[in-house]
Amino acid sequence: MSQVKRETIECPNCHRKGEFEIWDSVNVDLDPELREKIFNEELFMYHCPHCEHVTGIPLDTLYHDMKNQFMLFFSFFKEDDFDYKPMDMEVPKSMMKGDYTFRMVFGLMQLKEKIVILE
Ligand SMILES: [Zn+2]
């Protein structure tokens, strides 16, 4: 299931407020248009409804492809202590079977690259 929440964003250009959809997780089997929005980067772009200024929003998300059996934990920025931190997550039992692939990816280029490779 894809999860979305709405947040109020202040436009850095005109300083007026608008709503932005933040995707905590993306399931491309259920919402295939979200894959497209990652490749054209619309998922990370806030369009100001007042002045049409476009702002990049560096949000983290979980990318889930059930058909091709992979999950990508995406973050815009690499955490300094990442190498020392164990991956903290719960995997549903149904996913332990099969050949699910889990990867951490940092930055949009890497995310797109990994999606194409794993598909
Ligand atoms: Zn604006």
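For the structure itself, look to the data block above.
Residues numbered from 1 in each chain as written. Predicted model: local features only at pLDDT ≥ 70, side-chain atom pairs only at ≥ 80, totals over all residues. Heavy atoms only, no water.

Describing the pattern of salt bridges
The tally for this structure, following the rule as stated, stands at six salt bridges. Glu 19 is the salt-bridge partner of Arg 6, the closest N and O atoms lying 3.1 Å from each other. Taken together, the residues Arg 6 in strand S1 (residues 3-10) and Glu 19 in strand S2 (residues 17-27) connect sequence positions 13 residues apart. For Glu 10, the salt bridge identified is with Lys 17, shortest N-O distance 4.0 Å. (Salt bridge = Lys/Arg side-chain N within 4 Å of Asp/Glu carboxyl O. Helix = DSSP H or I, 4+ residues; strand = E, 2+ residues; numbered from the N terminus.)

Focus: the environment of Phe 106
Topologically, Phe 106 is positioned in strand S7 (residues 101-106). It is 5.8 Å that separates the C-alpha atoms of Phe 106 and Phe 77, two residues lying 29 residues apart in sequence.

Thoughts on the coordination of the zinc ion
Think of it this way: four donors in a tetrahedron around the metal ideally sit 109.5 degrees apart, and six in an octahedron ideally sit 90 or 180 degrees apart. Every protein donor of the zinc ion is listed here as Cys 11 (SG), Cys 14 (SG), Cys 48 (SG) and Cys 51 (SG), and their distances to the metal cover 2.3 to 2.4 Å. One can describe the site at the zinc ion as tetrahedral: its four donor atoms subtend angles covering 107 to 113° at the metal. Spacing between the donor residues of the zinc ion along their common chain follows C-x2-C-x33-C-x2-C. Residue classification places Cys 11 among the buried residues on the basis of a relative accessible area of 0%. (Donors = N, O, S within 2.8 Å, 3.2 Å for Na, K, Ca; no water. Tetrahedral: all angles 85-135°; square planar, octahedral: opposite > 155°, others 65-115°. Buried < 20%, exposed > 50% of the residue type's maximum accessible area, 1.4 Å probe, protein only.)

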